[in-house]
Structures are given as C-alpha cells and as structure tokens.
Amino acid sequence: GQNIDQPTEMTATEGAIVQINCTYQTSGFNGLFWYQQHAGEAPTFLSYNVLDGLEEKGRFSSFLSRSKGYSYLLLKELQMKDSASYLCAVNLNDYKLSFGAGTTVTVRA
Amino acid sequence: EAQVTQNPRYLITVTGKKLTVTCSQNMNHEYMSWYRQDPGLGLRQIYYSMNVEVTDKGDVPEGYKVSRKEKRNFPLILESPSPNQTSLYFCASSLYGTSGYNEQFFGPGTRLTVL
C-alpha cells in the first residue's frame, strides 16, 4: 500500500506562518499535489510539484524533495479564511492519485 | 460555467437497495474519477476512467460499479449497498489524467448513509 503522512491538526494565529509537512513512501511518483478543502466542500487545487525545489504562488508556497520523500506547504500571512483541511496527494502514475488523510488548520484571531 | 455536478447531494438508503450517483462535467474532460472520503482515511480512489468505454479500478473498488458511455457522464453504481459504504463521495475530472499540471476539478460531493 501507499504511505502518505501529514499531521492531523495544526493551529496558528492570524497573520502568522504555518508549515504543513507531508512525507511519502509510494509505489510510484509522478508529482505531488496540494489541495485545500473547506468543511463540507469539495477540494480545490493549490499547487503541484514535480521537480525538487520551491514553487511560490502568492501567500502559498510548496516545496518538494524527491530524494527524501518529503514536501511541505507554507501558508504565509494567515487569514481566517485559511481555516480548512489541506490534502497532500501523490500522483502515482498517469491516472492514480493517492491522498494523505489531510491536515486541519485552525486560524485563531 | 465550467463545473462538475453530482446528484443526489444527500441520500439515506437501506442495505441492499440499489442506487446510482450521477456525475457530469461540462469541460470536455477525458479523465473522470470517483473517490470516497472517510474521517482519518482521507480521499480514496474507487474507480477512474481515461476515456469513453475505458475504466479501471482504484484502491477501493469492491462493492461499486461504474460505466462511461458518454464523455460527460460517469455514474457510480452501488448494486447492494452496505453500511460500510456510508461515506462522502466525490467525483472529479481533468483534461487528460493526473499527470502534469492536470488539475482535478471536484464535484460538490454526495453524502451517502446506508442503514
């Protein structure tokens, strides 16, 4: 089976920075996605990494190290609306995604 | 508006009563997929379809069937639902699959309870 680990919960203060780690051991690897999911809603795409390094997109950045089987999602200048679950997903091949259980981030005022 | 739609959004049924959850996309996507989401387990892939008449099993296909007769539709069929199929179901689609920058577009979800 696939092994994708991320912390269950994190709490941070409005305006702060939070880093969500994801480690993976999978049978294949063709890139890693991060999705955001607000309670009761569908996941929405945040970022995609296929090569090592940092990808920056506004307040959100995602990092990948393929040799370490490791990725993180960095959320800067946290806002209340960032309270959500963040899902790490490994692309196993051209058609299969394997998701971690998700990290629930709570932003406090 | 580009979207993935699912029906019904909520369903309570009883063990053994066949049901179908419909999924439709209007983006001319070739790839469609079904997931179930359970607390502590995350999203798990049930079935996926690379194109019309081409489907394959995901990680948890037992107890489910799918068909892809038209590009826009990908229904999920539970022939004899059981309580362990109580879950939140998501349909997703993308242009060509999961590789590259093929962003998955998710439907709004179907919350199914099997009594």
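Structure shown above.
As the structure is a prediction and not an experimental result, all values here were calculated from the model. (Residues numbered from 1 in each chain as written. Chains lettered and ligands numbered in written order. Predicted model: local features only at pLDDT ≥ 70, side-chain atom pairs only at ≥ 80, totals over all residues. Heavy atoms only, no water.)

**Thoughts on the side chain of Arg68(B)**
All names here are of chain B.
Inference 1: Position of arginine 68 among the secondary structure elements: in the loop between strand S7 (65–66) and strand S8 (76–78).
Inference 2: There is no salt bridge for the buried arginine 68, and the closest opposite charge comes from glutamate 30, which lies 7.8 Å off by N-O distance.
Inference 3: A distance of 3.2 Å separates a polar side-chain atom of arginine 68 from the backbone oxygen of histidine 29.
Inference 4: Within the structure, the side chain of arginine 68 is placed 2.8 Å from the backbone oxygen of glutamate 30, a separation counted as a polar contact. (Helix = DSSP H or I, 4+ residues; strand = E, 2+ residues; numbered from the N terminus. Buried < 20%, exposed > 50% of the residue type's maximum accessible area, 1.4 Å probe, protein only. Lys, Arg positive; Asp, Glu negative; His and termini not counted. Salt bridge = Lys/Arg side-chain N within 4 Å of Asp/Glu carboxyl O. Polar contact = N/O pair within 3.5 Å; in protein donor to acceptor, adjacent residues only side chain to side chain.)

**As for the environment of Asn73(B)**
All names here are of chain B.
Inference 1: Checked against the element boundaries, asparagine 73 lands in the loop between S7 and S8.
Inference 2: As for asparagine 73 and threonine 5, which are separated by 68 residues in sequence, their C-alpha atoms are 9.7 Å apart.
Inference 3: Apart from the residues lying within four places of it in its own chain, the contact partners of asparagine 73 are Cys23, Ser24, Met32, Ser67 and Arg68.
Inference 4: Among the polar contacts made by the side chain of asparagine 73, one reaches the side chain of serine 24 at a distance of 3.0 Å.
Inference 5: A polar contact is formed between the side chain of asparagine 73 and the side chain of glutamate 70, at a distance of 2.7 Å. (Contact = heavy atoms within 4.5 Å.)

**Points about the state of the cysteines**
Structurally, a disulfide amounts to a covalent bond that connects the sulfur atoms of two cysteines.
Inference 1: Going through the model one piece at a time under the given rule, you end up with two disulfides over all chains.
Inference 2: The partner cysteine of Cys22(A) in its disulfide is Cys88(A), sulfur to sulfur 2.0 Å. Across the disulfide from Cys22(A) to Cys88(A), rotation about the S-S bond amounts to roughly -65°, and the bridge is consequently left-handed. Here Cys88(A) lies in strand S9 (residues 84–91) and Cys22(A) lies in strand S3 (residues 18–25), a separation of 66 residues in the sequence.
Inference 3: Judged by its relative accessible area of 0%, Cys88(A) falls in the buried class.
Inference 4: Note on cysteine connectivity: Cys23(B) is disulfide-linked to Cys91(B), with sulfurs 1.9 Å apart. Every disulfide takes its handedness from the sign of the S-S torsion; for Cys23(B) and Cys91(B) that torsion is -70°, giving left-handed. In this pair, Cys23(B) is assigned in strand S3 (residues 19–25) and Cys91(B) in strand S9 (residues 87–94), connecting sequence segments 68 residues apart. Grouping residues by exposure puts Cys23(B) and Cys91(B) together as buried. (Disulfide = S-S within 2.5 Å.)

**Let's talk about the environment of Asn30(A)**
Inference 1: Relative to the helices and strands, Asn30(A) resides in the loop between S3 and strand S4 (32–37).
Inference 2: The partly exposed category is assigned to Asn30(A), whose relative accessible area is 27%.
Inference 3: When the C-alpha positions of Asn30(A) and Asp94(A) are compared, they lie 7.6 Å apart, and in sequence the two are 64 residues distant.
Inference 4: With near-sequence residues (within four places) excluded, Asn30(A) lies in contact with Tyr48(A), Val50(A), Asn91(A), Asn93(A), Asp94(A) and Ser99(B).

**Focus on the pairing of strand S6 (residues 54–57) of chain B**
Residue and element names in this part refer to chain B.
Inference 1: Relative to S6, strand S5 (residues 42–51) runs antiparallel, the two sharing four bridges. What sits directly across from tyrosine 47, in S6, is lysine 57.
Inference 2: The hairpin formed by S5 and S6 contains two residues between the paired strands, and glutamate 53 there has a positive phi angle of roughly 65°. (Pairing = 2+ DSSP bridges.)

**Here's the deal with the pattern of salt bridges**
Residues and elements named next belong to chain A.
Inference 1: Tallied over the entire structure, the rule returns seven salt bridges over all chains.
Inference 2: Glutamate 56 serves as the salt-bridge partner of lysine 76, at 3.4 Å between the closest nitrogen and oxygen. Here lysine 76, found in the loop between strand S8 (70–75) and S9, pairs with glutamate 56, found in strand S6 (residues 53–57); they are 20 residues apart in sequence, far enough to count as distant.
Inference 3: Taking relative accessible area as the criterion, glutamate 56 reaches 56% and is therefore assigned exposed.

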